[in-house]
Amino acid sequence: MLAIITKEKLEEETLAVIEKLQNKKFDELNEMFRKKRPYDMSAIFQSLPEKHGISLLHNLDETTIASMMQKVNTMQKLELLGKIGPEKANKVLALLDTNILSRLLKKYPQVQLKKFLEEMDETNASYVQTMIDYPNDTAGSLMTNRYISIEDHATVQDAIDKIRSLALYSEGNNHLYLVDKQGILTGTVPYKDLLLSDPHEMLRNIMLEQVICVSVSTKRADIVRLLQRYDFIALPVTNEKEVLVGIITFDHMVDALIQETSDDYGKISTASKEIDFKTKPFIAAVRRLPWLVILLFIGLISGSIISKFEGTLEKVVALAFFMPLIAGMTGNTGTQSLAVVVRGLAENEIDAKTVFKLILREFRVSLIIGVTCGFLISIIAFIWQGNIYLGIVVGGSLLLTLILGTMAGTVIPLVLYKCKLDPAVASGPLITTVNDIFSLITYFSIASLLLSKLT
């Protein structure tokens, strides 16, 4: 039984690899890696010093390297291929699943890409080129051609014979896909039904006709939504003519779910999805800077608002104490609403009625939160300064800004969604910065109106 690789085990395995490399025991090294899972292989490879890592790549066979590449990111894949040379790299690429291959080749140098496609057989080269042309977040880029299909007029025995001949090639090993003479998907047959049926029975008589499938242009977010609703083992993909062109396997659907969640979190936090633990400081800073620079200039508006009410602050210094609290609370409630809306848009179909109910619900929530927090802070302000009007200014401002902040966090992503833009770009920092402006204007406007009662 294979155990989960721990930190101690990883160190032990890494030292064992270095020892085999130094003693030139390359056959033992390949045997050692063949017995490991892709993740464990990649963990050992990434823990090696660079010179040993390069030596390992040159002495591992192509099948093992292809297996290991499943668990490294795209940039690491490119670096890895660059270290083993074009000839061995092409052999490794030929062993990759089309789903992984197409995503990788999109970033492959054009000269090497052309050479690699020329060396492939015409059918596979055409299929891979087609997949490369599909956008990254569509079904076309997620599918694989490693499935088994057969015309629906064939018999159960024909199907069993074909499955036996292609079993090692196929990834979708639970359903047989049935097509007509034009290749149009007509139904599926679970493998267990084949075993229970008469060998001479026509497949069209036992097939499941109600098949859920997606088109090559279906967005990843919609695939994730389908995965949440139905128990898929694999999801067939058709082109615009309803011809079956691939399937999305369960593991690729789970990868899509993880990637969709990761992308949305990255957008909400304005952190690039291409930043991970291994990203160099300068590159990480460059990828984060654009949004932060924009927010920096928007934040200057907050400073100009404060300068406009400088006289009010000079007369009532206590107002300055509550400024960070009101701005912070407004930003927090806006970000909470944003998270609720983005998650809801990913899981549900949205119509006018749903939008109205959501906005009304969030308004009621903001009212309850605003009254509660506003009352508490007004009591604290009154006890601290002994001025009931200061309590009214602070409490009333917090009530209004919490309502405004919640509505901003609700409405902005909905507007972006209506405009066919990704609502996740209504990021937390953006909502927070916008709400800072709302809160300061509200706070100082109310304070100026009651200034005579505060001094």
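Residues numbered from 1 in each chain as written. Predicted model: local features only at pLDDT ≥ 70, side-chain atom pairs only at ≥ 80, totals over all residues. Heavy atoms only, no water.

J.: What's the story with the overall build of the protein in this structure? I'm lost.
T.: Looking only at helices and strands, the protein features 23 helices and six strands. Within the span of the protein, comprising 455 residues, buried residues form 44% of the whole. Intrachain contacts of the protein at a sequence separation of at least 6 include 68% that bridge at least 24 residues. For the protein, the accessible area works out to roughly 24900 Å², and carbon and sulfur atoms hold 61% of it. (Helix = DSSP H or I, 4+ residues; strand = E, 2+ residues; numbered from the N terminus. Buried < 20%, exposed > 50% of the residue type's maximum accessible area, 1.4 Å probe, protein only. Contact = heavy atoms within 4.5 Å. Areas by Shrake-Rupley, 256 points an atom, 1.4 Å probe, with all protein chains shown as cover.)

J.: Explain the sheet that holds strand S4 (residues 214-215) here, please?
T.: The strands making up a sheet associate through hydrogen bonds between their backbones, and the pairing can be parallel or antiparallel. Spatially, the three strands line up as an open sheet ordered S4-S5-S6, and their pairing is mixed. A single partner strand is all that each edge strand has here, and the edge strands are S4 and strand S6 (244-249). Both strand S5 (residues 234-238) and S6 contribute to a ladder of five bridges, which runs antiparallel. Bridge assignment links Thr 238 to a residue of S6, and that residue is Leu 244. (Pairing = 2+ DSSP bridges.)

J.: Looking at this structure, how should I read the pattern of salt bridges?
T.: Oppositely charged side chains are able to pair whenever their charged atoms sit close together. For the structure shown, the criterion picks out 10 salt bridges. Ionic pairing is found between Lys 36 and Glu 13, a salt bridge with its closest N-O pair at 2.8 Å. Taken together, the residues Lys 36 in the loop between helix H2 (26-34) and helix H3 (38-47) and Glu 13 in helix H1 (residues 7-22) connect sequence positions 23 residues apart. The closest approach of N and O atoms between Asp 222 and Arg 225, which form a salt bridge, is 2.7 Å. Separated by three residues within a single helix, Asp 222 and Arg 225 lie in helix H15 (residues 220-229), roughly one turn from each other. (Salt bridge = Lys/Arg side-chain N within 4 Å of Asp/Glu carboxyl O.)

J.: Hey, could you run me through the pairing of strand S2 (residues 175-179) in this one?
T.: Looking along a regular strand, one sees side chains alternate from face to face of the sheet. The buried fraction of S2 is high, at four of five residues. Taking the residues that link successive antiparallel strands as the turn, the S2-strand S3 (residues 185-190) hairpin has five residues, and the phi of Gly 183 there is positive, at about 85°.

J.: I keep staring at the sheet that holds S3 and nothing clicks. Help me out?
T.: Spatially, three strands are ordered S1-S2-S3 in an open sheet, and the strand pairing comes out mixed. Whereas interior strands pair on both sides, the edge strands pair on one side only; in this sheet they are strand S1 (149-151) and S3. Strand-to-strand, the axes of this sheet are offset by a mean angle of 30°, without reference to chain direction. Relative to S3, S2 runs antiparallel, the two being bridged by five bridges. In the strand pairing of S3, Leu 176 is matched with Val 189. Here helix H12 (residues 156-166) sits on the sheet in contact with S1 and S2, set at roughly 150° to S1. (Axes fitted to C-alpha atoms, helices over the stretch in contact; angles between N-to-C directions.)

J.: What is the right way to look at the environment of Ile 431 in this model?
T.: Following the sequence through the fold, Ile 431 ends up in helix H22 (residues 428-449). Once the C-alpha coordinates of Ile 431 and Asn 332 are considered, the two residues, 99 residues apart in sequence, prove to be 9.1 Å apart.

J.: Explanation requested: the side chain of Ser 397 in the structure shown.
T.: Considering the arrangement of structural elements, one finds Ser 397 in helix H21 (residues 388-418). On the accessibility criterion, Ser 397 (0% relative accessible area) is buried. If near-sequence neighbours (up to four positions away) are discounted, Ser 397 is found in contact with Ile 326, Ile 392, Thr 442, Tyr 443 and Ile 446.

J.: Hey, could you run me through the packing of aromatic side chains in this one?
T.: For any two aromatic rings, the description comes down to two numbers: the centre-to-centre distance and the angle of the planes. Evaluation of the coordinates by the stated rule reveals five aromatic pairs. When the centroid spacing of 4.8 Å and the interplanar angle of 45° are considered together, the rings of Phe 321 and Trp 384 count as tilted. Of the two residues, Phe 321 is situated in helix H19 (residues 318-347) and Trp 384 in helix H20 (residues 352-385); the sequence distance between them amounts to 63 residues. Classification of Trp 384 as partly exposed rests on a relative accessible area of 44%. Consider the rings of Phe 322 and Trp 384, whose centres lie 5.8 Å apart with planes at 70°: the pair is edge-to-face. Taken together, the positions of Phe 322 in helix H19 and Trp 384 in helix H20 put the pair 62 residues apart, joining distant regions of the chain. Residue Phe 322 is classed as buried on the basis of its relative accessible area, which comes to 1%. Among the aromatic residues, ring-to-ring pairing joins Phe 321, Phe 322 and Trp 384 into one connected group. (Phe/Tyr/Trp six-rings, centres within 6.5 Å; stacked < 30°, edge-to-face > 60°.)

These values are about where atoms sit, not about what they do.
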